[in-house]
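Report on the structure
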Amino acid sequence: MNLRYQHVLQPLELAGTLQLRHRIFFAPMGVDLADRGGCFTPAMFEFYRGIIEGGCALAFLSNATVSPHSRLQEAGLGLFEARQAEALRPFLAWAEEMGTPVGVQLQHYGGQGTTCLTGSPVLTPSGVPCPRVSRLDSDYRVRIMDESDIAGVIDDFANSACLARDSGSRLVQLQASNGYLLGSFLSPHTNRRTDSYGGSEANRARLLLDVVDAIRQRTDDQLIVTVRLGIDDCLGDEGLHFSRLGETVQALNQAGVAALECSMCVGATFGRFLGYSEEMDRYLQEGVRHIKSQSKVPVGYAGFIDGLDKAESLLARGICDWVGMSRALFADNDLIRKELAGRSSDVFRCRWDGKCFGDKSDPRMDRVYCCVNPKYLRPQV
Ligand SMILES: Cc1cc2nc3c(=O)[nH]c(=O)nc-3n(C[C@H](O)[C@H](O)[C@H](O)COP(=O)(O)O)c2cc1C
Ligand code: SF4
């Protein structure tokens, strides 16, 4: 028994059926390597092969858009057509053989999507634009969702979840954080509706819960549903705050969601989530601990977790039940293997400079690169 990492190495069961061999997961990180039809490519297979062979217990495949009318990156993944599910199938089968389940993150970009890639206005609860995307996209237009838009989005998520199941996935993660559509309904900053989808906390959570219900019904409960839950916009009093999410967490537990992955910030405040500060790190832990105290299902998060020592400490202190890393594993795919083998000094450490995130909107970059990982070092431009 490895005593140094005894909490990290505890297995975790999700939904009573999915066994994870330890507590570390790869948090979703869109590397923008899909083809122009949104299909999974050999380059993506190569990327995730590195992540999975590095020893995480579960990997999230990021940002599969549920609708052709909601896109952000030209090379972003899609999951709204059968051919996209077919393209995923060999990879998911290989990952299962490796003993590492893959959760497909289902995404609707909402107001943080673009108009220039789809020709359609972006869907929003109340027409509040995203300042960041509106600066980058000269066509940017918003639409306030009516009842039929809401029904359409619920159907898009359910359809996409069925495609995930058909492609061999046992688990999906609903992206309900960071200012994207489901997260924007949760937040009083972007959701100013006066109908049954806005106003009270229960009303703001309604769309997310309707999506969970629709997925469970359409997949005959054959798919595990987890939620990446936005717990704080970092917008002060007018935004979402973790202390005002008790009803939502309880309702998600009751709706059969198997686990939560917490996240903070929206497009306008995401910079705070990228550059390391002790203050933000502490705030994140405080928020996640609070959500865990309200939840019966496992709660995890990603944010500034640089290796197994920190993961062990978070688990031992009861901050969370499972631990996500995205940039730390992007910077060194083999971090987990190396640290378990006592080779910590060989790890390429993330610098928390956020440059990988900058690549996503830098027209000179054809994908997301890293400052330290020799497998995909950022070219000098
Ligand atoms: C380049 C990059 C791409 C990301 N893509 C996604 C994504 O597709 N979906 C998502 O939910 N979060 C995404 N994130 C956020 C990460 O999941 C994570 O929450 C954030 O990076 C903080 O965790 P970390 O400190 O371990 O990197 C991305 C982050 C980065 C840096
Ligand atoms: S580009 Fe920078 S912030 Fe991103 S993973 Fe690499 S070292 Fe970390």
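Residues numbered from 1 in each chain as written. Chains lettered and ligands numbered in written order. Predicted model: local features only at pLDDT ≥ 70, side-chain atom pairs only at ≥ 80, totals over all residues.

Turning to the overall build of the chain, a few remarks are in order. The secondary structure content of the chain amounts to 14 helices and 12 strands. Computed over its C-alpha atoms, the radius of gyration of the chain comes to 19 Å, within 12% of the 21 Å expected for a compact globule of 381 residues. Principal axes of the C-alpha set define a box for the chain whose edges measure 55 × 45 × 40 Å. Scored against the burial criterion, the 381 residues of the chain give a buried share of 49%. The long-range share in the chain, meaning contacts at least 24 apart out of those at least 6 apart in sequence, stands at 69%. (Helix = DSSP H or I, 4+ residues; strand = E, 2+ residues; numbered from the N terminus. Rg over C-alpha atoms; globule rule 2.2 N^0.38 Å. Buried ≥ 20, exposed ≤ 12 C-beta atoms within 10 Å, placed from the backbone. Contact = placed C-beta atoms within 7 Å.)

Bringing the sheet that holds strand β12 (residues 322-325) into the picture now. A barrel is described by the order of its strands in space; here eight strands give the closed sequence β3-β4-β5-β8-β9-β10-β11-β12, paired in parallel fashion. Averaged over all pairs of adjacent strands, the angle between their axes in this sheet comes to 30°, without regard to strand direction. Sheet topology places strand β4 (residues 58-65) next to strand β5 (residues 102-107); five bridges connect them, and they run parallel. By the bridge assignment, A59 is partnered in β5 with V102. Contacting β4, β5 and β8 (171-176), helix α4 (residues 147-166) runs over the sheet at an angle of about 160° to β5. (Pairing = 2+ DSSP bridges. Axes fitted to C-alpha atoms, helices over the stretch in contact; angles between N-to-C directions.)

Counting 113 residues, the largest nonpolar core has F25, C56, A59 and L208 as the members making the most contacts within it. Setting aside residues up to four positions removed in sequence, F25 forms contacts with C56, A57, L58, A59, F60, G300, W322 and G324. (Core = buried A, V, L, I, M, F, W, Y, C linked by C-beta atoms within 7 Å.)

This next bit is on the site of ligand 2. Taken together, 13 residues lie near ligand 2, and R327, C350, C356, C370 and C371 sit nearest. Elements with a minimum of two residues in the shell around ligand 2: α12 (327-331) and α14 (355-359). Looking at the shell around ligand 2, its residues break down into eight nonpolar, one polar and four charged. (Near = placed C-beta within 6 Å. Nonpolar A, V, L, I, M, F, W, Y, C, P; charged D, E, K, R; others polar.)

A positive phi angle, close to 60°, is found at N178, a residue other than glycine. Relative to the helices and strands, N178 resides in the loop between β8 and α5 (181-186). When the 20 C-beta atoms within 10 Å are taken as the criterion, N178 is described as buried. Of note, F304 is a non-glycine position whose phi angle comes to about 65°, a positive value. With respect to the element layout, F304 can be found in the loop between β11 (299-302) and α11 (308-316). Among the residues examined, F304 registers 20 C-beta atoms within 10 Å and is labelled buried.

Turning our attention to α4. Between its first and last C-alpha atoms α4 spans 29 Å; for 20 residues at 1.5 Å apiece the expected length is 28 Å, and the two agree. All buried positions along α4 are accounted for by V153, D156, F157, A158, S160, A161, L163, A164 and R165. Positioned one or two residues after α4, G168 has a phi angle of 105°, which is positive. (Expected span 1.5 Å × (residues − 1).)

Taken together, the buried positions of helix α8 (residues 246-254) are T248, V249 and L252. When α8 is viewed along its axis, its buried side chains cluster within an angular range of 100° and face the same direction. The inward-facing, buried residues of α8 abut α5, α6 (201-204), β9 (224-232), β10 (259-264) and α10 (278-294). In the stretch just after α8, G256 is the one whose phi turns positive, near 95°. (Arc of directions from axis to C-beta.)

Looking now at the site of ligand 1. G30, S62, N63, A302 and R327 are the nearest of the 23 residues found near ligand 1. Breaking the shell around ligand 1 down by element, the ones donating at least two residues are β4, α12 and α14.

This next bit is on the pairing of β4. Judged by how many residues are buried, β4 sits mostly within the fold: eight of eight residues are covered. Relative to β4, strand β3 (residues 24-26) runs parallel, the two being bridged by two bridges. Bridge pairing in β4 places F26 opposite A59. For the crossover from β4 across helix α2 (residues 82-97) to β5, the handedness is right-handed. (Right-handed = clockwise from strand over helix to strand, strands pointing away.)

Here the focus is the pairing of β10. With six of its six residues buried, β10 lies for the most part within the structure. With burial as the criterion, each face of β10 is covered, one bearing A259, E261 and S263 and the other bearing L260, C262 and M264. What joins β9 to β10 is α8, and the crossover it makes is right-handed.

Right, let's get into the environment of A87. Position of A87 relative to the elements: it lies in helix α2. Looking at A87, the number of C-beta atoms within 10 Å reads 23, which means it is buried. Setting aside its immediate chain neighbours within four residues, A87 contacts C39 and F40.

This part covers the environment of L240. Among the structural elements, L240 can be located in the loop between β9 and α8. In this structure, the C-alpha to C-alpha distance between L240 and L186, residues 54 residues apart in sequence, is 7.3 Å. L240 has contacts with L186, S187, P188, G230, D232 and D233, leaving out every residue within four places of it along the chain.

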